[in-house]
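What follows is the residue order along each chain.
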Amino acid sequence: MKTTIKKWGINGEGIAFHEGKPVFIQNAIPDEVIEFDIKSDENTYLVGEMTRLVEPSSKRRYPLCPIWKECGGCALMHVKYPAQCKMKEGNLKETLIKYADYKGRILPILKNPEPLSYRNSCKLPFGGEYGELYTGMYERDTNHFQKMERCYVHSKLLEQTRQAVLKIMNEHHFKMYDDKKKTGYRTLVMKEFDSKIQIIFVTGKEDISEEFIHDVTQLEGVISIWQSVKTETKREIFGDMRFIWGEEKMHLQLEDIQLSLLPRSFFQLNTKQSVNLYNVVKDWMPKSKTTVEAYSGIGAISLFVKDKAEEIIGVESIQDAVDNANENAMLNHADNVSFICEDAGSALAHLVQEKEVDTLIVDPPRSGLDDTMKETILKSKIKTMIYVSCNPATLAKDLGVLKKEYRIVKIQPVDMFSQTPHVESVTLLVRNDDYKPRRRFDDRKNRDYKPRRDGDYKSRRRFDDDKPRRRFDNRKNGDFKPSRRFDDDKPRRRFDDRKDGDFKPSRRFDDDKPRRRFDDRKDGEYKPRRRFDDDRKPKRFSDDKPNRRYGK
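Residues numbered from 1 in each chain as written. Predicted model: local features only at pLDDT ≥ 70, side-chain atom pairs only at ≥ 80, totals over all residues. Heavy atoms only, no water.

### What about unusual backbone geometry?
Then, in step 1: The backbone of Asp-31 shows a phi angle near 80 degrees, a positive value even though the residue is not glycine.
Then, in step 2: Mapped onto the secondary structure, Asp-31 falls in the loop between strand S4 (21–25) and strand S5 (33–41).
Then, in step 3: Of note, the phi angle at Ser-195 is positive, near 65 degrees, even though the residue is not glycine.
Then, in step 4: Within the fold, Ser-195 resides in the loop between strand S10 (185–193) and strand S11 (196–203). (Helix = DSSP H or I, 4+ residues; strand = E, 2+ residues; numbered from the N terminus.)

Here it is as structure tokens:
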């Protein structure tokens, strides 16, 4: 079947329509004409597969990665970067309209300065074939493992080190994890900050040889090696952590903030864009007495805004992250910043009763805010809320609930994950009772806004009386007398010779004889100038034979 793609889907697929139903087609771009087959009918929508590209879009490009379709990690690898940003802005806008009925201000997306080679960490499962150990990804919605030769979104040093580690592992004849024997290598976890690399090997019940560790330590940038022993089938990647070699923690510098990270601590995958996102939060946050950051992680946002509040309390449910965050607060001499380990909704409920919390910052997981958290926010008297989101759908649904008590002021999308359909965003909300719209030309001091009532309007006048005025007139006591250039009423012309009103046009010569500009004249006799003294017509050749250009 033949169709035209109408718009984007939230996962980077193209959407067409067939018999009134939307058809989701992977790897298709809006405005493209394609041929497709229907793979499945899901009652309310169809899933299609493109069989032939008839008319490609101008937004399409040649993808760098040869396995981008099979891997599925970079669903927009075939789309030019400006079109990727437009797609993310459009999807965010449509989602907010659909779930939150929001049609207000959305700022232009903050583009990624490095659309490729930006990712600072990876968590890749091991696979094996013909005695070779490699890393890769599982294809979308399948159990088929796809070998990864090179990843174009990994930072260059991270990718070089990954390939070097795999080479050393194969030299030592390591094998992938065997679920029956509970031995082998399961996952390779790597992090890179400031050209320093930490490696975590997730394995079964076995020890890592000293020879192998020695070979890995010779790689450029490697400063820390850990082992995580995991034999359970839980979704959690890590098991029991064992420190092997080097430094126990990673350290990174974000502007004037220093952070240390434990092996299991989470940090944003794009370091440069993380700084830009944190600065947006910092710029939008007002001066506060008490600020609470829910889902605070290792405390990066709290430390970025430490000078904006008298007291900042971070709430995190993972104890290791809380310990890490308190250590970071001490490292940055932030005495007004502290972190507690508790559920975010429960902690906020008792904090708003004990303290005057006037600003709330939330950075929840992709699932968004839970019901307890939303109920606590609505019942509280928090004036300002900043919502950092990594999922437009859950953001819009949460804003649909919060708009009962809060007004959305502005939203800033951030392209944190280029080549993927995911988009980060920052939303500023102000409680309805405290919302003060800004006006460009109003009289205010110290931001105290007093709206003008209907009966208070009085237009500004240039004069105290009510007499009509004209701009350049001579007026006395309201008598209008237009100003004139001359005292008499005689008509004037600009460059004429006039005496007592007699008009006589000025002339260049005293006589009335006609003149021409470049003529030879004596006593009024006109003789036109000629180019030649005689009347002969100049000829190029001496004979009268006709001549042609280039003729013989």
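There's more to say after this.
### Here's the deal with helix H10 (residues 392–402)
Then, in step 1: Burial analysis of H10 places eight of its eleven residues in the buried class, which makes it a mostly covered element.
Then, in step 2: Along H10, the residues that are buried comprise Pro-392, Thr-394, Leu-395, Ala-396, Asp-398, Leu-399, Gly-400 and Leu-402.
Then, in step 3: Lining the buried residues of H10 we find helix H2 (81–100), helix H9 (371–379), strand S20 (384–389), strand S21 (406–414) and strand S22 (424–431).
Then, in step 4: Between the side-chain oxygen at the start of H10 and the backbone nitrogen of Ala-393 there is a gap of 3.1 Å, and the oxygen is on Asn-391. (Buried < 20%, exposed > 50% of the residue type's maximum accessible area, 1.4 Å probe, protein only. Contact = heavy atoms within 4.5 Å. Polar contact = N/O pair within 3.5 Å; in protein donor to acceptor, adjacent residues only side chain to side chain.)

### As for the pattern of salt bridges
Then, in step 1: Here the structure, examined in full by the defined rule, presents 19 salt bridges.
Then, in step 2: The closest approach of N and O atoms between Asp-207 and Arg-242, which form a salt bridge, is 3.7 Å. Residue Asp-207 is located in the loop between S11 and helix H4 (210–217), and its partner Arg-242 is located in strand S13 (residues 240–246); the two are separated by 35 residues in the primary sequence.
Then, in step 3: Residue classification places Arg-242 among the partly exposed residues on the basis of a relative accessible area of 38%.
Then, in step 4: Arg-264 is paired through a salt bridge with Glu-236; the nearest N and O atoms lie 3.6 Å apart. One end of the pair, Arg-264, is in the loop between strand S15 (257–261) and helix H5 (271–284); the other, Glu-236, is in the loop between strand S12 (222–229) and S13, with 28 residues separating them in the sequence. (Salt bridge = Lys/Arg side-chain N within 4 Å of Asp/Glu carboxyl O.)

### Describing the packing of aromatic side chains
Then, in step 1: Summed over all chains, the structure comprises eleven aromatic pairs.
Then, in step 2: Taking 6.2 Å as the distance between ring centres and 85 degrees as the angle between the ring planes, the aromatic pair formed by Tyr-185 and Phe-201 counts as edge-to-face. Here Tyr-185, found in strand S10, pairs with Phe-201, found in strand S11; they are 16 residues apart in sequence, far enough to count as distant. Each member of the pair, Tyr-185 as well as Phe-201, carries the same accessibility label: buried. (Phe/Tyr/Trp six-rings, centres within 6.5 Å; stacked < 30°, edge-to-face > 60°.)

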